[in-house]
Amino acid sequence: MNSPAASGPGAVQRRWHLPADVSGFVGRSGELGRLAGLLGSERLVTVAGPGGVGKTRLALRAAADAAPADGSCLVELSGLTVPELLPDTVALRLGLQRGGEASRLEAVLGELRDRKLLLILDTCEHLITACADFVKRVLRDTSDVKILATSRQPLHVPGEEVLRLGPLPVPSADAADAGAGAGDAVELFTQRAAAAVSGFKLAADDLLHVVKLCRRLDGIPLAIELAAVRVRALPIAELAARIEAGLVAGTGTRRGSTGRHQTLHAAIEWSYGLCTGAEKAAWRRLSVFAGTFDPAVARDVIAAVGGAGDDLPLEQADEVLDELVDKSVVLPAGPGRYRLLDSVREYGAARLAEAGEDTECRERYLNWYLTLTREFSHRLVADGQPERLGQLRAEHANIRGALEYGLSNGGQKSTPGAAARARSAAKLAAALFPYWVMSGSIREGMRWQERTLDWFAEPSTERASALANLSLLGTTVGVGAAVGQANEAIAMAARLGDDRTHARGYLALHFALTTAGRYQEALDAAQQARRRLEALGAEHALRTLDMQLALTYVHTRNFEAAIEHAQRLLRSLGPGERWLRGNGHALAALAYYQQPGRQAECENAVRAALCATQEISNLVGEAYSLEVLAWLAVDAGRCQRAAWLLGAAHALWERTGGRLSGSVVLDGYHKRATAMAVSTLGTAKYTELHTAGATRPFAEIVALAIAGADVLPEQPDPRADEISGWEGTESLTVREREIAVLVARGLSNRDIAARLVISKRTVDAHVNHIFAKLGLSSRVQLTIWLRDRAPARPVDELSPVAHA
Ligand SMILES: Nc1ncnc2c1ncn2[C@@H]1O[C@H](COP(=O)(O)OP(=O)(O)O)[C@@H](O)[C@H]1O
Ligand SMILES: [Mg+2]
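Bear in mind the structure is a predicted one, so any value in this text is a computation, not a measurement.

Visitor: How should I be thinking about the overall build of the protein chain in this particular structure?
Guide: Looking only at helices and strands, one finds 39 helices and 7 strands in the protein chain. Counting every position in the protein chain, which comprises 804 residues, the buried fraction comes to 56%. For the protein chain, contacts bridging at least 24 residues in sequence account for 72% of all contacts bridging at least 6. Put simply, the protein chain shows about 32100 Å² of open surface, and 52% of that area lies on carbon and sulfur atoms.

Given below as structure tokens:
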């Protein structure tokens, strides 16, 4: 089925945010100009140069200036150690939740095909082959996507333009003496010193010392930054002398990138040497984090690794982390998170191995993520689910690091340590089951189950559990092997006496058979599953079973039974649960829709589904909800509303794949709604509204859908007086009203900040005040709260109903 707008250019517009600058940007105007030129004419540009020279900073700057129609998307690869997961990593960044394609690569290519997008692949050097292969496919299969890569070495792909990035310019001592300007390296030093010591000014006498120092550091920004923070403790002349002395032992005298690499190494070494024992311990141990980290997590992983008498007692860990932030070894990376720059992490990893702390530290890291994930699974349906899901999402790179560590055997499969690690990692991969589903990382989840199967080739609990999970995950993306895997899991678990996996095997079998259309067998499997899960008191799995059964009954058109199971599921959930709630309401809505006279119940169910699904970005659930709302709108003669709802749903199906799970019956409703809307509105109007639905900020569309709007509002600047005088808003200040209106229109805090030209932090604070004053706790609640107080909305003047 082709809706008129489906193939239109730019049907879907997405925005990804590039990270904000955490410190001032210096110089590089020539390079930025060249890069802009290259990005204008070429499709693949690689910024190549040694570590710490400023490739990432430059690329991000250039990307911010480039502003392609569909935005720029940054994919950070430094933490990725598994080359095959490159497409998954890109998919995750693009926000794709599709699983139907043959591979994640296909899914990514499908998403990119019609985009005008700049894809930034940051830090490619350790994945050169995988990056080169990926880039070749993107260049071949898309026409408007451009790629900006950063790497210590070029990718050597046909069509690649390489910009070799050298250090920041440093004048010769004579030139500086003659007042020829100090150059960008000195400027960077001065800025960072001023950030370290308030009121710092470069005295004329010190200029030459700084010039010398920057020369000694080869103008490498990272080395300069590490040195500059030392002005806290040392006068400049002394600092320059120490660096001179400290680097003499190094080999930083040769020029060229190897020489610079050695300078950087020496500068980092020097910086490490100046740290206290506790700081050194923290630095090297932090290198186990593949991605950004939360200090609370880091503390537990890095403290007292050697036992009680360790360099780094737990109670000092926070303080030591602060010290490392002060010294620019650890950098802020978004709210509440930190990271190490690549070169700094690599150096730390080498010291960690040397100190013989590698194994203990990585094991703790693995176990920490196992604990976190188990906590997530155990409290899956408890309040605070969106926050816990957000926490896991932020840890995705680290979770991968932990899994990779545990499941890579490095040829030492037989050692007891390796086996224990693999068992922990297998448990982690299994415990992550709900996360793989909820975050739309089905394919990656399957991959880790497959890795578990590779490790545990003989019958074992690990193997049986991985088979059951693989089956469940595979079913959601339509993999044919799911029935067989479930049966194998059941048989193996039965032989091993593993009751839990035995029961889960039947759960998987039920789901797989339902999707295969073998409904009677599916219902038999469900009975087996229920009996066993009840005996085990496996509450959560029982809820999942109810959800699956509601689906089976929707398929068999036993709508009463579907509703009964959905309702039982919903009754079992706490108020803070969002995942099962969204799916439960959506399934109920599908069942109501297909029965005469139940539109009102359907509408209520679908609204409830939308509220729940949008809070955790359950894209499939959102897409179903918008679809059903569109069908209801057409039935009520509200065709304008239907058109933009269908557009919004279409944009989501593009990202999830598998519209309406390929169901012929449901697709019939979709086609009917589209045809009615097109014939009522005319193709031009329909296309305009459909495109608007697909391209307006998604949260705005959801807010309007929930509010029952027919007409999409114009997009004027916000007016605070818009809601003044509405009952209950008196307690808000003018600014808070302005912000409340924007929140209700679905803008993120970041977008609001940009629009009002204030900082995001300020917006965060305002939003919290608004919540506190109105006694609300979420954006959805605020939207509904305002809707309930709003004067009547304009009706759909093109609808037959409006004229009746
Ligand atoms: N032009 C610049 N202005 C300010 N700081 C810079 C500049 N270039 C690099 N830096 C700083 O130097 C450090 C290393 O830069 P980065 O871009 O991470 O290097 P690379 O990607 O080449 O390893 C970072 O802390 C970065 O903020
Ligand atoms: Mg970099």
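Visitor: What's the story with the site of ligand 1 in this structure? I'm lost.
Guide: The full set close to ligand 1 counts 18 residues, and Val 26, Gly 52, Lys 55, Thr 56 and Glu 225 are the nearest of them. At 2.8 Å from an oxygen atom of ligand 1 is found a side-chain nitrogen or oxygen belonging to Lys 55. Contact between ligand 1 and Glu 225: an oxygen atom at 2.6 Å from a side-chain N or O atom of the residue. Starting from 550 Å² of accessible surface for ligand 1 in isolation, the protein chains cover 93%. If you list the elements that add at least two residues to the shell around ligand 1, you get helix H2 (55-66), helix H7 (184-196) and helix H9 (221-228). The residue makeup of the shell around ligand 1, split by class, is 8 nonpolar, 5 polar and 5 charged.

Visitor: Before we go on, may I ask you to explain the packing of helix H30 (residues 619-635) against helix H31 (residues 639-656) in this structure?
Guide: Axis separation between H30 and H31 bottoms out at 8 Å; the angle between their running directions is 155°. Comparing their axes, H31 and H30 come out roughly antiparallel. Read as a crossing pair, H30 and H31 show a hand that is left-handed. For the pair H30 and H31, the contacting residues are Leu 619, Val 620, Glu 622, Ala 623, Tyr 624, Leu 626, Glu 627, Leu 629, Ala 630, Ala 633 and Val 634 in the first and Arg 641, Ala 642, Leu 645, Leu 646, Ala 648, Ala 649, Leu 652, Trp 653, Arg 655 and Thr 656 in the second. Residues belonging to the contact of H30 with H31 are distributed by class as follows: 16 nonpolar, 1 polar and 4 charged.

Visitor: Honestly, helix H24 (residues 499-515) in this entry has me stumped. Any pointers?
Guide: Residues spaced three or four apart along an α-helix face the same direction, because each turn holds 3.6 residues. Its 17 residues place the ends of H24 25 Å apart at the C-alpha level, agreeing with the 24 Å of an ideal helix rising 1.5 Å per residue. When you tally the buried positions in H24, you get 13 out of 17 residues, the bulk of the element. Phi turns positive one or two residues past the end of H24, at Gly 517, with a value near 80°.

Visitor: Looking at this model, I keep getting lost on the packing of aromatic side chains. Mind explaining?
Guide: Each aromatic ring pair is characterised by the separation of its centres together with the angle its planes make. Evaluated as defined, the whole model comprises 13 aromatic pairs. Pairing Tyr 593 with Trp 631 gives two aromatic rings, centres 5.2 Å apart and planes at 55°, and the pair type is tilted. Remark: Trp 631 occurs in helix H30 and Tyr 593 occurs in helix H28 (residues 579-593); sequence separation between them is 38 residues. The class of Tyr 593 is buried, set by a relative accessible area of 12%. Exposure remark for Trp 631: the relative accessible area of 1% places this residue in the buried category. Within the aromatic cluster, the residues linked to one another by ring pairs are Phe 289, Phe 293, Tyr 365, Trp 368 and Tyr 369. A cation over a ring is seen here: Arg 351 above Tyr 347, with NZ or CZ 4.5 Å from the ring centre. The side chain of Arg 447 reaches across the aromatic face of Trp 448, ending 4.7 Å from its centre.

Visitor: Help me understand the environment of Glu 404 in this model?
Guide: By the element assignment, Glu 404 lies in helix H18 (residues 396-407). Relative accessible area serves as the criterion here: at 17%, Glu 404 is assigned to the buried category. What Glu 404 contacts, discounting residues up to four positions off in sequence, is Thr 81, Val 82, Trp 448 and Arg 451.

Visitor: Please clarify how the sheet that holds strand E4 (residues 146-151) should be interpreted in this entry.
Guide: To summarise the sheet geometry, strands pair through backbone hydrogen bonds and adopt either a parallel or an antiparallel arrangement. Here we have 5 strands laid out as an open sheet, ordered E2-E3-E4-E1-E5, and parallel in their pairing. Either end of the sheet is taken by a strand with one partner, and the two such strands are strand E2 (72-76) and strand E5 (160-164). With direction set aside, neighbouring strand axes in the sheet form an average angle of 20°. Across 5 bridges, strand E1 (residues 44-48) lies against E5 in parallel orientation. The partner of Ala 48 across the bridge, within E5, is Arg 164. Running over the sheet, helix H5 (residues 128-141) touches E1, strand E3 (118-122) and E4 and is turned about 170° from E4.

Visitor: Help me understand the nonpolar core in this model?
Guide: If you look at soluble globular proteins, the nonpolar side chains tend to sit buried side by side. Counting 225 residues, the largest nonpolar core has Leu 119, Leu 121, Phe 134, Phe 189, Leu 286, Phe 289 and Tyr 369 as the members making the most contacts within it. The dominant element in this core, judged by the number of residues it contributes, is H30, at 11 residues. Counting 20 residues, the second-largest nonpolar core is a separate cluster that includes Phe 25, Leu 60, Ala 63 and Leu 118.

Visitor: Looking at this structure, how should I read the pairing of E4?
Guide: For a regular strand, side-chain orientation follows a simple rule: the groups alternate between the two sheet faces. Burial analysis of E4 places 5 of its 6 residues in the buried class, which makes it a mostly covered element. Here E3 runs beside E4; their pairing, made up of 5 bridges, is parallel. What sits directly across from Leu 118, in E4, is Lys 146. A crossover links E3 with its parallel partner E4, the connecting element being H5, and its sense is right-handed.

Visitor: What's the story with the packing of helix H16 (residues 358-378) against helix H19 (residues 416-431) in this structure? I'm lost.
Guide: The relative placement of two packed helices comes down to the angle between their axes together with the axis-to-axis distance. Running from N to C, H16 and H19 point in directions that differ by 30°, and their axes come no closer than 9 Å. Considered as vectors, H16 and H19 are oriented roughly parallel to each other. The handedness of the crossing between H16 and H19 is left-handed. Residues Thr 359, Glu 363, Leu 366, Asn 367, Tyr 369, Leu 370, Thr 373, Arg 374 and Ser 377 of H16 lie in contact with H19, whose contacting residues are Arg 421, Ser 424, Ala 425, Lys 427, Leu 428 and Ala 431.

Visitor: Hey, could you run me through the pattern of salt bridges in this one?
Guide: Where side chains of opposite charge bring their charged atoms close, a pairing between them can arise. Evaluated as defined, the whole model comprises 43 salt bridges. Here Glu 738 makes a salt bridge to Arg 735, at a shortest N to O gap of 2.9 Å. Taken as a pair, Glu 738 and Arg 735 lie in helix H35 (residues 734-744) at a separation of 3 residues, close to a single helical turn. The exposure class of Glu 738 is buried, given its relative accessible area of 15%.

Visitor: Could you clarify how one ought to interpret helix H23 (residues 482-496) in this entry?
Guide: The end-to-end C-alpha distance of H23, which contains 15 residues, comes to 21 Å, matching closely the 21 Å that a straight helix rising 1.5 Å per residue would cover. On its buried side, H23 packs onto helix H22 (461-476) and H24. Following H23 by one or two positions, Gly 497 adopts a phi angle in the positive range, close to 70°.

Visitor: What is the right way to look at the environment of Val 138 in this model?
Guide: Its place among the elements puts Val 138 in helix H5. By relative accessible area, Val 138 is classed as buried at 0%. In sequence terms Val 138 and Leu 109 are 29 residues apart; their C-alpha atoms lie 6.5 Å from each other. In contact with Val 138, not counting residues within four places along its chain, are Arg 43, Leu 109, Leu 112, Val 145 and Ile 147.

Visitor: I would appreciate a short explanation of the confidence of the model for the protein chain in the present structure.
Guide: Looking at the protein chain as a whole, the pLDDT averages 85, with 90% of positions reaching at least 70. Between residues 249-257, whose pLDDT stays under 50, and residues either more than four places distant or in other chains, the model counts 11 contacts. Low pLDDT, under 50, characterises residues 792-804; the stretch is placed with 28 contacts to residues that sit more than four places away or in other chains.

Visitor: Help me out: how do you make sense of unusual backbone geometry in this one?
Guide: One non-glycine residue with positive phi stands out, namely Arg 28, at about 70°. Its location among the elements puts Arg 28 in the segment before helix H1 (29-41). Looking at Arg 28, the relative accessible area reads 5%, which means it is buried. Phi is positive for Thr 123, which is not a glycine, with a value near 75°. Positionally, Thr 123 belongs in the loop between E3 and H5. Residue classification places Thr 123 among the buried positions, given a relative accessible area of 6%.

Visitor: Got a minute to help me understand the environment of Arg 571 in this structure?
Guide: With respect to the helices and strands, the residue Arg 571 is situated in helix H27 (residues 559-571). When its relative accessible area of 63% is taken as the criterion, Arg 571 is described as exposed. A C-alpha to C-alpha distance of 9.4 Å links Arg 571 and Arg 581, two positions 10 residues apart in sequence.

Criteria and thresholds
The numbering scheme is per chain: residues are counted from 1 as the chain's sequence reads. Each chain takes a letter, starting from A, and each ligand takes a number, starting from 1, following the order in which they are written. Side-chain atom pairs in this predicted model are given and counted only at pLDDT of 80 or more, local residue features only at pLDDT of at least 70, and totals for whole chains, interfaces and linings cover all residues. Excluding hydrogens and water, the side-chain values take into account all heavy atoms of the structure. The numbering of helices and of strands both runs from the N terminus, where a helix is a DSSP run of H or I of at least 4 residues and a strand a run of E of at least 2. Type-normalised accessible area, obtained with a 1.4 Å probe on protein chains alone, sets the label of each residue: buried when under 20%, exposed when over 50%, and partly exposed for intermediate values. Any pair of residues with heavy atoms lying within 4.5 Å of one another is described as a contacting pair. Here the open area of atoms and residues is found with the Shrake-Rupley method and a 1.4 Å probe, where only the protein chains shown may cover a residue. When at least one non-hydrogen atom of a residue lies within 4 Å of a molecule or strand, that residue is treated as near it. The term polar contact refers here to a pair of N or O atoms within 3.5 Å; inside protein, the definition further demands a hydrogen-donor-capable atom paired with an acceptor-capable atom, and it admits residues adjacent in sequence only when both atoms are side-chain atoms. Residues are sorted three ways: Asp, Glu, Lys and Arg are charged, Ala, Val, Leu, Ile, Met, Phe, Trp, Tyr, Cys and Pro are nonpolar, and all the rest, Gly among them, are polar. Throughout, an axis means a line fitted to C-alpha atoms (over the contacting stretch in the case of helices), and angles, computed between N-to-C directions, take values from 0 to 180 degrees. The labels follow the angle: roughly parallel below 35 degrees, roughly antiparallel above 145, roughly perpendicular from 65 to 115, and oblique for the rest. The crossing is said to be left-handed when, going from far helix to near helix, the turn is anticlockwise and less than a right angle, and right-handed when the turn is clockwise. To estimate how far a helix should extend, the number of its residues minus one is multiplied by 1.5 Å. The aromatic pairing rule takes the rings of Phe, Tyr and Trp, using the six-membered ring of Trp, and pairs them if the centres are within 6.5 Å, calling planes under 30 degrees apart stacked, those over 60 edge-to-face and the rest tilted. Sitting over a ring, as applied to charges here, requires NZ of Lys or CZ of Arg to be within 6 Å of the ring centre and within 35 degrees of the ring normal. What makes two strands pair is DSSP finding at least two bridges between them. In plain words, nonpolar cores are sets of buried Ala, Val, Leu, Ile, Met, Phe, Trp, Tyr and Cys residues tied together by side-chain atoms within 4.5 Å. By definition, the crossover connecting two strands over a helix is right-handed if that path, from the first strand to the second, turns clockwise as seen with the strands pointing away from the viewer. Salt bridges are counted wherever a side-chain nitrogen of Lys or Arg sits within 4 Å of a carboxyl oxygen of Asp or Glu. Along the chain, pLDDT gives the predictor's confidence residue by residue, from 0 to 100.

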